[in-house]
Amino acid sequence: MRLFEKAKTPKPLPDIAFQDANDKPLRFAEFRGRALLINFWATWCVPCVKEMPSLDRLQAMFPQDKFIILPLSIDGPTKPKVAPFYKDKKLTNLGIYFDPGRKAMQGLGVTLLPTSILVDPQGRELGRLEGDADWDMPEGVALMKAAIASQS
């Protein structure tokens, strides 16, 4: 968590579209009222693959009506590999989401994989972490609890 960069001032997240596993369009605004951890990743990204199990364990620690992890895969031609990857890694707590055309990635200024962006229940970016992390360690859990509790 030492790589987590807190935003100087929490700023509103742009309401960018992405898709679920069934290609249903979703927007970040639909998740308002919950803290979010938006994670940009791909099946071919070694550090991304390394951190996915810890994200899955982190999601298991919190009710999804309070906190949800949105792992946005940028897999394009490799999109069919995502569901088998989840099954192989036994990722049962995370949903499958895609960022077609990398529009969310570009809209949020993400240039490195993996990158995770922490958002408060009001839809404001609290900070981000570029690179992989052990999200289910005490520091990561405390960070998520603080995001869930932030109401100012």
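Notes on the structure follow. Nothing here was measured: the structure is a model prediction, and the numbers come from that model. Residue positions are given per chain, counting from 1 as you read along its sequence in written order. A pLDDT threshold of at least 70 governs which residues receive local features in this predicted model, and a stricter bar of 80 or more applies before side-chain atom pairs are shown or counted, although totals over entire chains, interfaces and linings include all residues. Side-chain numbers here rest on the full set of heavy atoms in the structure, without hydrogens or water.

**A few points about the state of the cysteines**
Quick reminder of the rule: The definition used for a disulfide is geometric: two cysteine sulfur atoms within 2.5 Å. Partly exposed residues are those whose accessible area sits between 20% and 50% of the maximum for their type, while under 20% is buried and over 50% is exposed, using a 1.4 Å probe and protein chains only.
Taken as a whole and assessed by the stated rule, the structure comprises one disulfide. Sulfur-sulfur distance for the disulfide between Cys 45 and Cys 48 comes to 2.2 Å. With the S-S bond torsion at 75 degrees, the cross-link from Cys 45 to Cys 48 turns out right-handed. For the residue pair Cys 45 and Cys 48, the accessibility class agrees, reading buried in each case.

**Quick look at the sheet that holds strand E3 (residues 25-27)**
Put simply, the test is: When DSSP finds two or more bridges between two strands, those strands count as paired. Working definition: helices are DSSP H or I runs of at least four residues, strands are E runs of at least two. Numbering for both runs from the N terminus. The contact criterion used throughout is that any non-hydrogen atoms of two residues lie within 4.5 Å. Axis lines are fitted through C-alpha atoms, for helices just across the contact stretch, and the angle between N-to-C directions can take any value from 0 to 180 degrees.
Ordered by their spatial adjacency, eight strands build an open sheet running E1-E8-E7-E4-E5-E6-E2-E3, and the pairing between neighbours is mixed. Two strands in the sheet have a free side with no partner beyond their single neighbour: strand E1 (5-12) and E3. Sheet contacts for helix H1 (residues 46-60): strand E4 (35-41), strand E5 (67-73) and strand E7 (115-119); angle to E4, the most-contacted strand, approximately 160 degrees.

**A few points about H1**
Which entries qualify depends on this criterion: The quantity called bend is, for any residue, the angle between two axes fitted respectively to the seven residues ending at it and the seven beginning at it.
Of all the bends in H1, the greatest reaches close to 30 degrees and is centred on Met 52; the proline Pro 53 follows between one and four positions later. All of the buried residues in H1 are Cys 48, Val 49, Glu 51, Met 52, Ser 54, Leu 55, Asp 56, Leu 58 and Gln 59. Where H1 is buried, its residues touch E4, E5, helix H2 (82-89), E7 and helix H4 (138-149).

**Focus on the packing of aromatic side chains**
Selection criterion: Only rings of Phe, Tyr and Trp enter the pairing, Trp through its six-membered ring, and a pair is recorded when the two centres are within 6.5 Å. The plane angle decides the type: under 30 degrees is stacked, over 60 is edge-to-face, the rest tilted.
Throughout the structure, instances matching the rule amount to seven aromatic pairs. Summarising the aromatic geometry, the rings of Phe 18 and Phe 28 are spaced 5.0 Å apart at their centres and angled 35 degrees between planes, so their arrangement reads as tilted. Of this pair, Phe 18 sits in strand E2 (residues 17-20) while Phe 28 sits in the loop between E3 and E4, and the two are 10 residues apart along the sequence. Here the aromatic rings of Phe 18 and Phe 31 are separated by 6.1 Å at their centres, their planes lie at 25 degrees, and the arrangement is stacked. Within this pair, whereas Phe 18 is found in strand E2, its partner Phe 31 is found in the loop between E3 and E4, the two being separated by 13 residues in sequence. Under the relative-accessibility criterion, Phe 31 is labelled buried at 7%.

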